[in-house]
Each structure stands twice: as structure tokens, then as C-alpha cells.
Amino acid sequence: MVVGFGCPVILWLALAAVLGSVLGLGEDIDRPLFGPPGSPLRLQESDPGLKKALQFAEERYNRGSNAMHLRKVSRLLSATKQLVKGIRYTITVELSNTQCKKSTMLRTCDFYPELQKLKTEVCVFEVWDIPWQGTSTLLKQKCQPKVESQVEETNKVVDASTIKPLEESVELLGQFKQFMVTYNKDYSSQEEADHRLHIFHENLKTAEKLQSLDQGSAEYGVTKFSDLTEEEFHSTYLNPLLSQWNLHRPMKPASSARGPAPASWDWRDHGAVNSIKNQGMCGSCWAFSVTGNIEGQWFLKNGTLLSLSEQELVDCDGLDQACRGGLPSNAYEAIEKLGGLETETDYSYTGQKQSCDFTTLKVAAYINSSVELSKDEKEIAGWLAENGPISVALNAFAMQFYRKGVSHPLKIFCNPWMIDHAVLLVGYGERKSIPFWAIKNSWGEDYGEQGYYYLYRGSNACGINKMCSSAVVN
């Protein structure tokens with residue numbers, strides 16, 4: 001059943017029905033915005049690291065405030081820490097006015113005894129601390145005046161900073177309705193719609209965080225994956241086997257490029273790249289990455305651009321795990337053993353594993369071997385310009401909410417060793433002095449820039465250099 005918000009009466013009824021799920025976020029107060037790596041741990045007020053993080057957040061708050069008086073933490077509501085290339089603290093506190101002016105240097109600052117002068121706020125801080133470097137960074141500061149009825153003396157902690165004004169909640173419903181219409185979403189029940197709205201709301205905040213910290217020119221926001229939790233997105237569309245390095249079989253090293261890389265190159269301009277495909281709800285990105293590479297290699301050797309079968313690999317590659325993931329190195333070996341690939345027309349894609357229906361009589365393209373490329377991005381660019389599109393893999397965390405532009409996530413949110421998605425590198429260049437890789441994805445043309453993802457080039461962003469390979473066609 002599609003939830004209808006078409007008229008004002010229904011809008012307010014729907015608002016009343018879902019407001020609890022939209023606004024009742026107290027149970028999620030300790031859930032950090034970003035999951036991997038590590039799990040969040042609840043902290044006691046006596047934790048030394050938490051005390052340091054609180055002092056840092058308090059100092060940064062006062063430094064940026066225009067208020068005359070210093071404000072101090074008057075109550076700790078909740079705190080967690082998570083290991084992410086250091087320690088990220090997520091802290092929810094009450095801040096209240098003291099009787100000390102900012103210009104004074106008093107050792108102790110008492111709070112106002114009068115309730116109306118305290119002007120208490122509820123604040124959420126995220127502090128990223130790297131002890132071995134002696135550095136701390138304030139990733140998030142969000143404060144809102146405390147409403148007494150919102151924080152009650154009960155066993156359940158309520159985060160007043162997540163309470164939205166009514167009109168903002170109506171705006172959220174409007175965004176969710178537009179999302180449903182744009183991506184043809186249809187939920188089975190009101191309960192499911194409420195659940196997806198809650199996830200959508202959380203994902204908007206995650207996209208906002210990515211946007212505020214991105215170092216490139218990317219725009220993050222609502223995508224067709226905005227009603228999926230991080231876990232759902234990962235298990236449905238990504239490939240957990242890629243980061244299991246012990247499973248990777250050794251490959252022959254590729255020869256270096258004969259000359260330096262040109263300033264830019266794009267194989268789409270030279271006829272070596274097919275249109276965007278869609279892997280659907282199947283973790284078969286590895287198959288699309290490999291077939292895209294072989295399509296380019298076959299074109300460069302024979303002058304014909306074929307669309308080759310990913311479904312053949314899903315069904316017949318006994319080394320990999322079909323929709324549960326696979327490795328390009330295994331796929332090359334499987335193709336050699338099978339004797340080649342059929343075309344998409346002869347062996348069409350279904351997005352689920354079936355019995356193998358391969359026949360050698362329909363082989364349209366074959367490979368002789370495969371090679372692994374250098375991990376130096378300049379050498380990768382030079383090899384690509386000379387030899388064709390490259391099968392690569394990367395950490396796809398930021399890709400869930402990517403809309404356009406050159407993506408350059410902070411390394412702590414895009415661990416280069418936690419690669420989980422295989423794609424096709426088709427070119428490189430610069431946009432407004434920002435160097436990029438042009439990446440052909442397999443999530444349909446309604447993803448990113450007409451199906452493409454653009455990633456910053458030059459910093460090994462998201463592990464883009466960790467697993468570069470190609471088939472060899474003699």
C-alpha cells in the first residue's frame with residue numbers, strides 16, 4: 001500500500017500516525033552516524049577519555065559562542081565511543097550558563113541559582129580524538145534550547161536535540177513522499193511505511209554529514225537507496241568478499257605503461273564502453289566489473305563492442321558466490337576454464353543464481369589470461385590510457401547517498417582496506433582543478449551522474465588503487 005499524503009486532512013492524520021517514529025529517536029541516541037569499523041560502546045561519566053572530549057567540546061562551544069557568559073556541561077545525558085582511526089565520541093549533554101564572564105579567568109564558575117538565567121541547551125557533540133597524534137576535531141555540534149517536558153527524570157534518556165518543530169516534520173513527510181514518487185516505492189503496510197520514513201530521516205542526517213565533511217565537489221542527498229539501512233544496503237548491493245584479502249589468488253603483474261599518462265582520458269569517447277547496466281538486488285558487482293573490462297579489451301583487439309553476459313558468471317563461476325559476492329581474480333580464471341563468455345542477448349541477466357546454461361557454441365569473446373596492475377595512481381592512469389578500462393574495487397560507503405560531483409570522503413569514513421564494491425574505471429581528468437576518476441557503476445542510469453560515480457584521484461581515496469586488474473586478450 002502506498003502511503004498517501006495528497007490532501008491536508010490525510011497529511012495531518014499521517015503526521016499524527018508517524019510523528020512518534022519520526023520524533024521518538026531517544027532509543028537511537030547512542031547509535032553513531034557511521035557504522036564501520038568497530039562498534040559503539042556506552043561510556044560512564046568517569047571515563048578519562050570522555051572527560052577530555054567533553055572539555056574540548058565545551059571549550060570549542062564557548063569559543064564560537066557570542067554569549068557574554070561561559071557555559072558549562074550541567075548534565076551528561078549519554079555518551080559512546082567508537083574506534084575509527086582514533087576514537088570518535090558521540091556525546092549528548094545539557095549546557096547551562098555560569099556566572100563567569102568570558103573575559104574572566106576564574107578557576108571555578110558556578111551556575112546561576114535562578115532557573116530562568118541558566119538558559120539550558122541540549123547539545124549533541126561528536127569529537128574525533130587521535131591520541132597518538134595529540135589532535136582532536138569537533139565533527140558535529142548541534143544545540144537546541146531545553147524544553148522541560150522533553151527531558152524527564154526517567155530511566156529512558158530523551159535527546160531533545162532530535163525533536164523537530166512541527167513544520168520541519170511536515171517538510172520531512174513532503175521529502176519522503178517525493179522520494180516514493182520519484183523511485184516508485186510501494187510499501188506493504190502503514191507500519192512498513194513508518195519504518196522506512198524513520199530510516200529515511202536518519203539517512204538524510206548521514207548525507208548531511210557526508211556533505212559537510214566532503215573534500216571534493218560532490219553533492220550528497222536523497223537517492224533510490226535512502227530508505228535502506230546501512231546494513232540492508234551493504235548486504236543487498238555490495239560484496240563482502242572483496243575485503244577478505246586471504247581469499248585473493250596471486251595474479252601476474254601487468255607491464256608498465258610505455259609512456260607518461262596524458263592529462264585526461266575517457267574510453268567512452270573512443271567506443272570501448274557499453275551503456276550502464278543494473279545488477280539489481282544482487283551482490284554481483286564483481287561480474288559486471290569483469291565483463292566491462294573484457295568488453296573493452298575485446299573492442300581494442302577486434303574492433304567490435306559486445307555486451308557480454310554477467311549471468312553466465314553468476315550461474316557458472318564455481319569459484320565465486322553469485323549474488324553473495326565474488327572476486328575478479330576468480331572470475332577471470334572461471335572464464336578461462338569455461339572457454340569464454342556468451343553475449344547478454346544469448347544469456348540474459350536475471351539477478352539471481354540459476355543452473356548453468358552455458359554452451360561453448362555461443363561463446364562470443366574469450367580471454368587468454370589476466371594481470372594485476374600497480375597500486376600507484378599515476379601508473380594506473382597511464383596503463384588505462386594505453387590499454388583500456390580497468391576492473392577496480394573500492395569502499396562504497398559514501399556511494400549510498402552520492403548524487404553528482406567529485407566525491408572525496410574523509411578517510412575515516414572510507415577505509416581503503418574495507419573495499420566492498422567492484423566497478424569499472426573508464427577514464428580520468430579534472431573538474432575545476434579537482435582531479436577525478438570516472439567510474440562506471442552497475443546500479444542503473446538513475447544512480448549518480450547517469451549511472452557514473454566520480455571519485456577524487458591522487459589520494460588513493462576509498463582504496464580505489466587496491467585491486468586493479470584486467471583480462472588479457474591476445
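You'll find the structure just up there.
Below, the structure is looked at part by part.

What counts as what
- Residues numbered from 1 in each chain as written.
- Predicted model: local features only at pLDDT ≥ 70, side-chain atom pairs only at ≥ 80, totals over all residues.
- Heavy atoms only, no water.
- Helix = DSSP H or I, 4+ residues; strand = E, 2+ residues; numbered from the N terminus.
- Buried < 20%, exposed > 50% of the residue type's maximum accessible area, 1.4 Å probe, protein only.
- Contact = heavy atoms within 4.5 Å.
- Areas by Shrake-Rupley, 256 points an atom, 1.4 Å probe, with all protein chains shown as cover.
- Disulfide = S-S within 2.5 Å.
- Pairing = 2+ DSSP bridges.
- Axes fitted to C-alpha atoms, helices over the stretch in contact; angles between N-to-C directions.
- Parallel < 35°, antiparallel > 145°, perpendicular 65-115°, else oblique.
- Left-handed = near helix turned anticlockwise from the far one by under 90°.
- Nonpolar A, V, L, I, M, F, W, Y, C, P; charged D, E, K, R; others polar.
- Phe/Tyr/Trp six-rings, centres within 6.5 Å; stacked < 30°, edge-to-face > 60°.
- Lys NZ or Arg CZ within 6 Å of the ring centre and 35° of its normal.
- Expected span 1.5 Å × (residues − 1).
- Patch = residues over 30% accessible without salt bridge, like charges linked within 9 Å, V, L, I, M, F, W, Y side chains within 5 Å.
- Salt bridge = Lys/Arg side-chain N within 4 Å of Asp/Glu carboxyl O.

## Focus: the overall build of the chain
Within the chain, the secondary structure is distributed over 10 helices and 16 strands. For the chain, the proportion of its 474 residues judged to be buried stands at 53%. Across the chain, contacts joining residues at least 24 apart in sequence account for 75% of those joining residues at least 6 apart. Accessible surface, the chain: about 21800 Å² in total, of which carbon and sulfur atoms supply 52%.

## Comments concerning the state of the cysteines
This structure, assessed with the given rule, holds five disulfides. Between the sulfur of C282 and that of C323 lies a disulfide, 2.0 Å long from S to S. Note on the C282 and C323 pair: the S-S dihedral is about -95°, so by sign convention the disulfide is left-handed. Of this pair, C282 sits in the loop between β8 (265–266) and α7 (285–302) while C323 sits in the loop between α8 (310–316) and α9 (328–338), and the two are 41 residues apart along the sequence. Cysteine pairing in the chain follows 1-2, 3-4, 5-7, 6-8, 9-10, where each cysteine in a disulfide is numbered by its order in the sequence. The closest cysteine sulfur to the non-disulfide-bonded C285 is located on C282, 8.9 Å from its own sulfur. Residue C285 is classed as buried on the basis of its relative accessible area of 0%.

## Some details on the sheet that holds strand β3 (residues 87–101)
Read across the sheet, five strands follow the order β1-β2-β3-β4-β5 without closing on themselves; strand pairing throughout is antiparallel. Looking at strand neighbours, the two that pair on one side only are β1 (41–42) and β5 (135–145), the edges of this open sheet. Here strand β2 (residues 69–83) pairs with β3 via 12 bridges, running antiparallel. Looking at β3, one finds that T80 is bridged to T90. The sheet contacts of helix α2 (residues 48–64) involve β2, β3, β4 (121–130) and β5, and relative to β2 the element is tilted by about 135°.

## Regarding the pairing of strand β14 (residues 434–440)
Burial of β14 is extensive: seven of the seven residues sit out of reach of the surface. By the alternation rule, side chains of β14 split into I434, F436, A438 and K440 and P435, W437 and I439, which are all buried. Looking at chain direction, strand β13 (residues 421–431) and β14 are connected through seven bridges and run antiparallel. Following the sheet pairing, L424 is matched in β14 by K440. Hairpin connection, β13 to β14: the antiparallel pair is bridged by two residues, and K432 has positive phi, about 50°. Bridge analysis of β14 against strand β15 (residues 452–456) gives five bridges, and the strand direction is antiparallel. The residue bridging I439 from the neighbouring strand is Y453, located in β15.

## Some details on the packing of α7 against α9
Relative placement of two packed helices is described by the angle separating their axes and the distance separating the axes. Taken N-terminus to C-terminus, the directions of α7 and α9 make an angle of 60°; their axes are 9 Å apart at the nearest point. Taken together, α7 and α9 sit at an angle that is classed as oblique. As for how α7 packs across α9, the hand of that crossing is right-handed. Together, W286, V290, N293 and I294 of α7 and P328, A331, Y332 and I335 of α9 make up the contact between the two elements. Partitioned by chemical class, the residues of the contact of α7 with α9 number seven nonpolar, one polar and no charged.

## Overview of the packing of aromatic side chains
Scanning all chains against the criterion turns up 20 aromatic pairs. With centroids separated by 5.6 Å and ring planes inclined at 55°, the aromatic side chains of F179 and Y183 adopt a geometry described as tilted. Given the relative accessible area of 2%, F179 is considered buried. Residue Y183 is classed as partly exposed on the basis of its relative accessible area, which comes to 21%. Its guanidinium or amino end placed over the ring of F436, R431 lies 5.7 Å from that ring's centre, counting from NZ or CZ. Directly above the aromatic system of Y454 lies the positively charged group of R431, at a separation of 4.2 Å from the ring centroid.

## Section: unusual backbone geometry
One non-glycine residue, A322, adopts positive backbone phi at about 55°. You can see A322 is positioned in the loop between α8 and α9. In this structure A322 comes out as buried when scored by relative accessible area, which is 5%. The backbone phi angle of K432 is positive, close to 50°, even though this residue is not glycine.

## Quick notes on α7
When the terminal C-alpha atoms of α7 are compared, their 26 Å separation across 18 residues agrees well with the 26 Å that a helix rising 1.5 Å per residue should span. Residue G303 follows α7 closely and has a positive phi angle near 80°.

## Quick word on the pairing of β15
Burial of β15 is extensive: four of the five residues sit out of reach of the surface. Sheet topology places strand β12 (residues 406–407) next to β15; two bridges connect them, and they run parallel. Counted as the bridge partner of V406 is Y454 from β15.

## Some thoughts on a nonpolar patch on the surface
Residues W245, W417 and M418 make up a contiguous nonpolar surface patch of about 290 Å² in total accessible area. Summarising the element assignment, W245 is placed in the loop between α6 (230–237) and β7 (252–253). Given a relative accessible area of 30%, W245 falls into the partly exposed group.

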